[in-house]
Amino acid sequence: MSQATLSSSRVRHGLAPWARIAGLTVCALLTLGPVVWTVSTSLRTPAEAFDLPPQLIPSDPSTEAYRGVFDQIDVWLLALNSTLVTALIAVGQMITAGLAGYAFARLEFRFKKPLFGLVLATMMVPLQVTIVPVFLVLKSMSLTDTLLGLIIPAFPTAFGTFLMRQYFLGMPKDLGEAAMLDGAGPWRTFRSVYAPLAAPGLAIVGVLAFNYHWNEFFRPLILETSGQNYTLPLGLVSLQGNLGTGSISVVLAGVVLSMIPAVLVFVVGQRPLREGITSAGVNR
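Under an unreviewed UniProt entry, the name given to the protein chain is Sugar ABC transporter permease, and the organism recorded is Streptomyces lomondensis. Under the Sequence similarities (unreviewed entry) heading, UniProt states for the protein chain: "Belongs to the binding-protein-dependent transport system permease family." Its UniProt record gives the protein chain the following Subcellular location (unreviewed entry) comment, quoted word for word: "Cell membrane".

So, in structure tokens, the structure goes:
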């Protein structure tokens, strides 16, 4: 290899780490920029929110906008509704995804592969296509305008089923066979052997479900009509006021408050989230 080639190779290898760092920095700024701007605007007075040119750091930070949020909407009731709905959906998806994933990975039954393909195909169907049939079914069961009507239809999860199937496929078959030799049936084998080992995968399903449904707006907008059943995203819309005449600072203060639980859940669950997705990706 010539000296010029060696020099060029050294330059490329020397620049590669810096190029990756620069690229990641740009991506971080693009991702965190709107969040920082939201927090900054929420700390301004309503008049300062329209200053030109805008300033990233408020000249006189104030929590007036946050007081305005609590004055205009019942934050505690909305947060309670959202917490109840998202927590139960997360638990429900962990149960259904664990059972379905185990069935598709370890049990043998007719039409298993076509059924699994059908489950994956539902991921390509947008929510807007199914919302009318779901609404009609819930109406026939008198579950519209109830929190239960938001919770039950969200239990099935195609992505969670796929993720848990990958988890169970990556586990040794010897564990299940040993349990069956000891007289354990499929349910006992799942409950005592495989489910404890799949705890990181189940945590992934729960964290993703919580973060998605905490911010969900479309289904609650269609299914809920009474203010006492509103979730937090629906309540925040009322901060905009009639024809969007509400204070921008108050609206963004409400957005910041709504982000806190989702951020906390993500921070607590980021380690199992990272490990679980990596493990599911390398299995099979």
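Chemist: I would appreciate a short explanation of unusual backbone geometry in the present structure.
Modeler: Glycine aside, the phi torsion of most residues is negative, and most peptide linkages are trans. With a phi close to 60 degrees, F111 is a non-glycine residue in the positive phi region. Mapped onto the fold, F111 is located in the loop between α3 (75-106) and α4 (112-121). By relative accessible area, which is 54% here, F111 ends up exposed. Of note in the backbone geometry, D145 takes a positive phi value of approximately 60 degrees without being a glycine. Looking at where D145 falls in the secondary structure, it is placed in the loop between α5 (127-140) and α6 (147-151).

Chemist: Any chance you could explain the nonpolar core here in plain terms?
Modeler: If you look at the biggest cluster of nonpolar residues, it comprises 19 residues, and the most contacted ones within it are M164, F168, M171 and Y194. Breaking this core down by element, the ones donating at least two residues are α3, α7 (158-169), α9 (186-197) and α10 (199-214). A per-element tally of this core places α7 first, with five residues. Residues contacting M171, with those up to four places away along its chain left out, are R106, Y194, L197 and A198. Core analysis: the next-biggest nonpolar cluster, separate from the first, contains 16 residues, A65, Y66, F210 and V250 among them.

Chemist: Could you clarify how one ought to interpret the packing of aromatic side chains in this entry?
Modeler: Aromatic ring pairs are reported here in terms of the distance separating the ring centres and the angle at which the planes meet. Tallied over the entire structure, the rule returns 10 aromatic pairs. Aromatic ring contacts, followed pair by pair, group Y102, F168, W187, F190 and Y194 into a single cluster. The lysine or arginine in question, R44, covers the ring of W37, its NZ or CZ lying 4.6 Å from the ring centre. Its guanidinium or amino end placed over the ring of F116, R165 lies 4.3 Å from that ring's centre, counting from NZ or CZ.

Chemist: Any chance you could explain the side chain of S42 here in plain terms?
Modeler: With respect to the helices, strands and loops of the structure, S42 is situated in helix α1 (residues 3-42). Reaching out from S42, the side chain makes a polar contact with the side chain of Y66 at a distance of 2.7 Å.

Procedures and definitions
Residues numbered from 1 in each chain as written. Predicted model: local features only at pLDDT ≥ 70, side-chain atom pairs only at ≥ 80, totals over all residues. Heavy atoms only, no water. UniProt positions renumbered as here; feature names shortened; annotations may be inferred. Helix = DSSP H or I, 4+ residues; strand = E, 2+ residues; numbered from the N terminus. Buried < 20%, exposed > 50% of the residue type's maximum accessible area, 1.4 Å probe, protein only. Core = buried A, V, L, I, M, F, W, Y, C linked by side-chain atoms within 4.5 Å. Contact = heavy atoms within 4.5 Å. Phe/Tyr/Trp six-rings, centres within 6.5 Å; stacked < 30°, edge-to-face > 60°. Lys NZ or Arg CZ within 6 Å of the ring centre and 35° of its normal. Polar contact = N/O pair within 3.5 Å; in protein donor to acceptor, adjacent residues only side chain to side chain.

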